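In case you want the letters, here they are:
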Amino acid sequence: QLLEGIREDFVERQYLWSGDIDPELYDESCTFTDPTLSFQGLDAFERNIRNLRPILDAVLPEDRRQCILRSLEQDDSTGRVYAEWTMVGDLSLPWKPRIKVGGKTTYTPGTDGRIVSYDENWDISAGDALLQILAPTLRADEVAEHWPGRLRGAPAPEPRVKLADAPAFVVLPGFSND
């Protein structure tokens, strides 16, 4: 049940972006730790999410973010659950930054099976994750067109638009073209 609940938090609720967890999985005094902060209590977690959610939804709409669960395993001897994941999101800012963070989370259950410790680690530093907000991102669909194979002698591509009976003219760089 714990393993399936965590899987649903990742896959169905996209909780790394939404904060939407199944509270029944967590002990009321669970300790939540990630590279940026640590606090104790399910109430504190839910309060932080309520405060952050409007801001997050404004700059990172649901259709522009994704939580990818790469692996999920439970250690039968300790009951601990280990998750590996990647979160990717394209912010709605003019320079179109992309946030991409991979990480691992360890969930430690208490004697009643509810999670008493949530420990999240990232593949990059918290500072590097924050710097991604400042960096513009060119995605494959936004890369400037070029002449494929030009350096290998490929012929020029056909132009998308052809002007019928257009006057011939030449633009020379550096000669003001007046």
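The coordinates are above.
Since the model is a prediction, treat every value here as computed from it, not as a measurement.

(A) Spatial organisation of the pairing of strand E1 (residues 26–34). As paired strands, E1 and strand E6 (residues 115–122) are joined by four bridges and run parallel to one another. Its bridge partner being in E6, Phe32 is matched across the sheet by Tyr118. Pairing analysis gives four bridges linking E1 to strand E2 (residues 37–40), with the strands arranged antiparallel. Directly across from Thr33, in E2, lies its bridge partner Ser38.

(B) Region of interest: the nonpolar core. Ranked by size, the top nonpolar core spans 29 residues in total, and within it Ile6, Phe10, Tyr26 and Tyr107 carry the most contacts. When residues in this core are grouped by element, the largest group, four residues, is from strand E4 (residues 81–90). Here Tyr26 is in contact with Asp9, Ile21, Phe32, Leu42, Tyr107, Arg114, Ile115 and Tyr118, once residues within four sequence places are set aside.

(C) Structural detail: the sheet that holds E1. Here six strands make up an open sheet; going across it, the order is E2-E1-E6-E5-E4-E3 and the pairing mixed. Among the strands making up the open sheet, the edge pair consists of E2 and strand E3 (65–74). When strand polarity is set aside, the average angle formed by the axes of neighbouring strands in this sheet is 20°. Relative to strand E5 (residues 98–109), E4 is paired through 10 bridges, and the arrangement is antiparallel. Considered in E5, the bridge of Asp90 is made with Arg98.

(D) Fine view of the packing of aromatic side chains. Inspection of the entire model under this criterion finds eight aromatic pairs. Summarising the aromatic geometry, the rings of Phe32 and Phe45 are spaced 4.6 Å apart at their centres and angled 20° between planes, so their arrangement reads as stacked. With Phe32 in strand E1 and Phe45 in helix H3 (residues 42–59), this pair connects stretches of sequence that are 13 residues apart. For the residue pair Phe32 and Phe45, the accessibility class agrees, reading buried in each case. Through a chain of ring-to-ring contacts, three or more aromatic side chains come together here, namely Phe10, Tyr15, Tyr26, Phe32, Phe39, Phe45, Tyr107 and Tyr118.

(E) Quick peek at the side chain of Ser18. Along the chain, Ser18 turns up in helix H2 (residues 15–18). By relative accessible area, Ser18 is classed as buried at 6%. There is a polar contact of 2.7 Å between the side chain of Ser18 and the backbone oxygen of Arg13. Residues contacting Ser18, with those up to four places away along its chain left out, are Arg13, Ile49 and Arg53.

(F) Molecular detail of the environment of Thr78. One can find Thr78 in the loop between E3 and E4. A relative accessible area of 40% means that Thr78 is categorised as partly exposed. C-alpha of Thr78 to C-alpha of Gly110: the two residues are 32 residues apart in sequence and 10.0 Å apart in space. Engagement of the side chain of Thr78 in a polar contact is seen with the backbone nitrogen of Arg80, the distance being 3.2 Å.

About the cut-offs
Residues numbered from 1 in each chain as written. Predicted model: local features only at pLDDT ≥ 70, side-chain atom pairs only at ≥ 80, totals over all residues. Heavy atoms only, no water. Pairing = 2+ DSSP bridges. Helix = DSSP H or I, 4+ residues; strand = E, 2+ residues; numbered from the N terminus. Core = buried A, V, L, I, M, F, W, Y, C linked by side-chain atoms within 4.5 Å. Buried < 20%, exposed > 50% of the residue type's maximum accessible area, 1.4 Å probe, protein only. Contact = heavy atoms within 4.5 Å. Axes fitted to C-alpha atoms, helices over the stretch in contact; angles between N-to-C directions. Phe/Tyr/Trp six-rings, centres within 6.5 Å; stacked < 30°, edge-to-face > 60°. Polar contact = N/O pair within 3.5 Å; in protein donor to acceptor, adjacent residues only side chain to side chain.

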